[in-house]
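Residue-level structure breakdown
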Amino acid sequence: MINKISLWGFIWMSLFGMSCQHKINNHPLNEVMHTFSNYDSVPCKHLNWQAKVNFETKQITGIATWTFENKNNSPYIYFDTYDLSIQHVTINQQNIDYSLGKPNKEFGTCLGIPIGSNDSIVSIEYTTGANATALQWLAPLQTAGKKLPYLFTQCETIHARSLLPCQDLPALRVTYQADIEVPKGMMAVMSAKNPQAKNESGKYHFDMEIPIPTYLIALAVGDISYKAIDARSGVYTEPSMLDKAAAELSDIPMMMAAAEKLGGPYKWGNYDVLIAPPSFPIGGMENPRLTFATPTIIAGDKSLVSLIAHEMAHSWSGNLVTNATWNDVWLNEGFTTYFERRIMEAISGKDYNDMLWELGYQDMESDFKDLGMDSPDTKLYVDLKGRHPENGFTNIPYEKGAVFIKMLEENMGRKKFDAYLNNYFQTNAFVPMTTKKCLAFMQQYLFENDIKIKEKLHIQDWVFSPGLPNNCPHKNPIRFEKVDTARKLFEQSGDVKNLVTTNWTTHEWLQLLRKLPHPLDHTKMNALDNAFQLTGISNCEIADEWYKLSISSNYEKAYPAMQDFLGKVGRKKFLEPLYREMMNTEANQKMAKDIFKQSKDNYHPQTAKKIEGIISKK
Ligand code: BES
Ligand code: ZN
């Protein structure tokens, strides 16, 4: 009897004890910052990351050793994790009891570790999970070489927590060093100082001694080789892609010169680009020192390199001056899109650049149409409280943000505006930037405290109201006027001779295909296809627009090539519109589902989830 009581007592006490510990040790989610961590009272400063990449189990096993500062004698340090399994936690080589909070599908699990007032280093031994949202593991067949597997990370916005335990918010900066072990014959590269050749051991050391937010931690592993463009810049990619990629990106030094003129000296050391395999889920990611980019920008005629200008521009807007919360993401993406266009204007001229502005404007209009002009998600300052920061993520922070800044430039004059912009980057480097602080800085240094100018420009409306104020600059570019004239003649006559496309870049093609009537009759579809071989075209931007037009016109001849495209390319921006378009008609819904079934293994887990959402609606 006594035994029984004490057994129940023991079980009861353990359960009670556990739940108590749970409560004490689980830090609540900060819904504005999207973190469980106590970054304000116990901020992490430096990461020493020891990790082994295992392609067989598709796991990274690692030890994350964090140096932190216990500012207010807090009894715990809290980290963000996502689907990580924690093996041991040690402080001064002593195992420590840690606790995990209740897992949250969007934000992950809080890891709480008791600390003393003199502690400053904690080591966490862990393994990544099968649902790690930062990781995409590729089989050899998904690479260009088809022999070795590949791994890359994508940590923006809150995915770093699925790569390693960390205080995962953009307002906190940390330095890092890493020792990464990969299978022999493969190379590892990071957002850090990088090797330029493979080594025998498969062990690579990295240093990032400039503090960065965790969303900029990045790793890629594969059959990666390097080719220099100049002393500061080069390309990393699979060997068979190397020469082509380096030729396409040979304007990087020119872009960098234009960027430094606008933003001030480049502070990060090298600027390299990794061209990832085609299933890379986004266009590009501004990982410091090493932009990650989709191979779909390698068009053969440099017509898609504005994406590199964009990621390079983040070296100032984003990586130096960083959005404090994801609500302020327009400070990263809007300033960067503006900055990107200034780089492109410097290297390609105004008439060319006006086309980029216009296509961006059209992307913004299409989001206004989808969301509704009065949707709160069309404000520059968005309210993401309690939502996943990528929920509601659109072109608005990019294009409305950029056109807002362009409006300021046009009103204040370029000379004054450029001085302010340079000052903004220099003064606020390494400081988390809030929308409020950004507007105050503008008030002081751009408007020089002239309240009247500010009112005239409708700043409050631009930033805090949905829709688009009526002082938005917008003009059809000269080069598109020509396209529009030719298009109208073609629409009337059906004669492709009206389309003189000899000097067209990708942008003119996009203007033509976007403005043609949807659906377009098959005689005209055939005429276009026969004259310009649009079905199966290797330029992914043009292909995407053509397939969109093909689906809405029910032009079945393009479907096999489109299916091929959807099986190879993993860039969300290309996939989503095509799947959406297919779901519009009953006849094509089955096709969408079949193509998804065949292609989904090639998609990044986050992309697959998104597409699954689109095709399961009906
Ligand atoms: N920083 C973004 C990528 C990003 C933003 C990832 C938000 C996750 C959440 C990057 O700089 C970017 O904007 N990429 C664009 C390309 C650009 C030219 C518009 C993309 O990937 O499409
Ligand atoms: Zn960007």
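Residues numbered from 1 in each chain as written. Chains lettered and ligands numbered in written order. Predicted model: local features only at pLDDT ≥ 70, side-chain atom pairs only at ≥ 80, totals over all residues. Heavy atoms only, no water.

**What to know about the packing of aromatic side chains**
What counts, and what does not: Put simply, two rings from Phe, Tyr or Trp (the six-membered ring, in Trp's case) pair if the centres are within 6.5 Å, and we call them stacked under 30 degrees between planes, edge-to-face over 60, tilted for the rest. Note on conventions: DSSP H or I runs of at least 4 residues are helices, E runs of at least 2 residues are strands, and numbering of each starts at the N terminus. Working definition: with a 1.4 Å probe on protein chains only, accessible area under 20% of the residue-type maximum means buried, over 50% means exposed, and in between means partly exposed. Two conditions define a charge located above a ring, namely a distance within 6 Å from the ring centre to NZ of Lys or CZ of Arg, and an angle within 35 degrees of the ring normal.
All told, the structure shown has 35 aromatic pairs when counted by the stated rule. On the numbers, 4.9 Å between centres and 70° between planes, the contact of W509 with F532 is edge-to-face. Note that W509 is positioned in helix α13 (residues 506–515) and F532 in helix α14 (residues 522–532), a separation of 23 residues in sequence. No difference in accessibility class separates W509 from F532, as the two residues are buried. Ring centres 6.3 Å apart and planes at 85° place the aromatic pair Y579 and F596 in the edge-to-face group. Remark: F596 occurs in helix α18 (residues 586–599) and Y579 occurs in helix α17 (residues 572–583); sequence separation between them is 17 residues. Y579 sits in the buried class, given a relative accessible area of 0%. Classification of F596 by relative accessible area gives buried; the value is 4%. The side chain of R341 reaches across the aromatic face of W357, ending 4.9 Å from its centre. In this structure, K406 is placed above the aromatic ring of W357, and the distance from its NZ or CZ to the ring centre is 4.7 Å.

**A closer look at the packing of helix α3 (residues 252–263) against helix α8 (residues 414–427)**
Selection rule: All axes here are fitted lines through C-alpha atoms, helices being fitted over the stretch that makes contact, and every angle between N-to-C directions spans 0 to 180 degrees. When describing relative orientation, an angle under 35 degrees is termed roughly parallel and one over 145 degrees roughly antiparallel, while 65 to 115 degrees is termed roughly perpendicular and anything else oblique. Should any heavy atoms of two residues lie within 4.5 Å, those residues are considered in contact. Residue polarity is assigned by list, with Asp, Glu, Lys and Arg as charged and Ala, Val, Leu, Ile, Met, Phe, Trp, Tyr, Cys and Pro as nonpolar; anything else, Gly included, falls into the polar class.
Closest axis-to-axis distance for the α3/α8 pair is 7 Å, and the angle between their directions is 90°. It follows that α3 is roughly perpendicular to α8 by the angle criterion. Across the interface between the two elements, K261, L262 and G263 from α3 touch D418, L421, N422, F425 and Q426 from α8. In the contact of α3 with α8, the residues fall into three nonpolar, three polar and two charged.

**Examining the packing of helix α7 (residues 396–412) against α8**
In the contact formed by α7 and α8, the axes pass within 6 Å of each other and the chain directions differ by 130°. Of the possible angle classes, the one that applies to α7 and α8 is oblique. For the pair α7 and α8, contact is made by I405, L408, E409 and M412 and by R414, K416 and F417, respectively. Broken down by class, the residue content of the contact of α7 with α8 amounts to four nonpolar, no polar and three charged.

**Side note on the confidence of the model for the chain**
Parts of the prediction with low pLDDT should not have their coordinates interpreted in detail. The following threshold applies: Every residue is assigned a pLDDT by the predictor, reflecting its confidence on a scale from 0 to 100.
In this model, the chain carries an average pLDDT of 95, and 96% of its residues clear a pLDDT of 70 or more. In the predicted structure, residues 1–23 sits below a pLDDT of 50 and forms four contacts with residues beyond four places in sequence or in another chain.

**Thoughts on α3**
Applicable threshold: Here a helix's expected span is defined as the number of its residues, less one, multiplied by 1.5 Å. The directions from the helix axis to the C-beta atoms form the arc being described.
Compared with an ideal rise of 1.5 Å per residue, which puts twelve residues at 16 Å, α3 spans 16 Å between its outermost C-alpha atoms and is within 8% of the ideal. The complete set of buried residues in α3 reads I252, M255, M256, A258, A259, L262 and G263. Relative to the axis of α3, the buried residues are bounded by an arc of 165° and lie together on one face. Packing partners of the buried residues in α3 comprise β16 (233–237), β17 (271–275), α4 (306–313), α5 (329–348) and α8. Residue G264 follows α3 closely and has a positive phi angle near 95°.

**Regarding the pattern of salt bridges**
A side chain with one charge may pair with a side chain of the opposite charge, provided their charged atoms come close. What counts, and what does not: Any carboxyl oxygen of Asp or Glu within 4 Å of a side-chain nitrogen of Lys or Arg constitutes a salt bridge here.
Taken as a whole and assessed by the stated rule, the structure comprises 31 salt bridges. Notably, a salt bridge pairs K227 with D243, separated by 2.9 Å at the nearest N-O pair. You can see K227 sitting in strand β15 (residues 225–228) and its partner D243 sitting in helix α2 (residues 242–248), a full 16 residues away along the chain. Salt-bridge contacts for E576 lead to K610; the nearest nitrogen and oxygen are separated by 3.6 Å.

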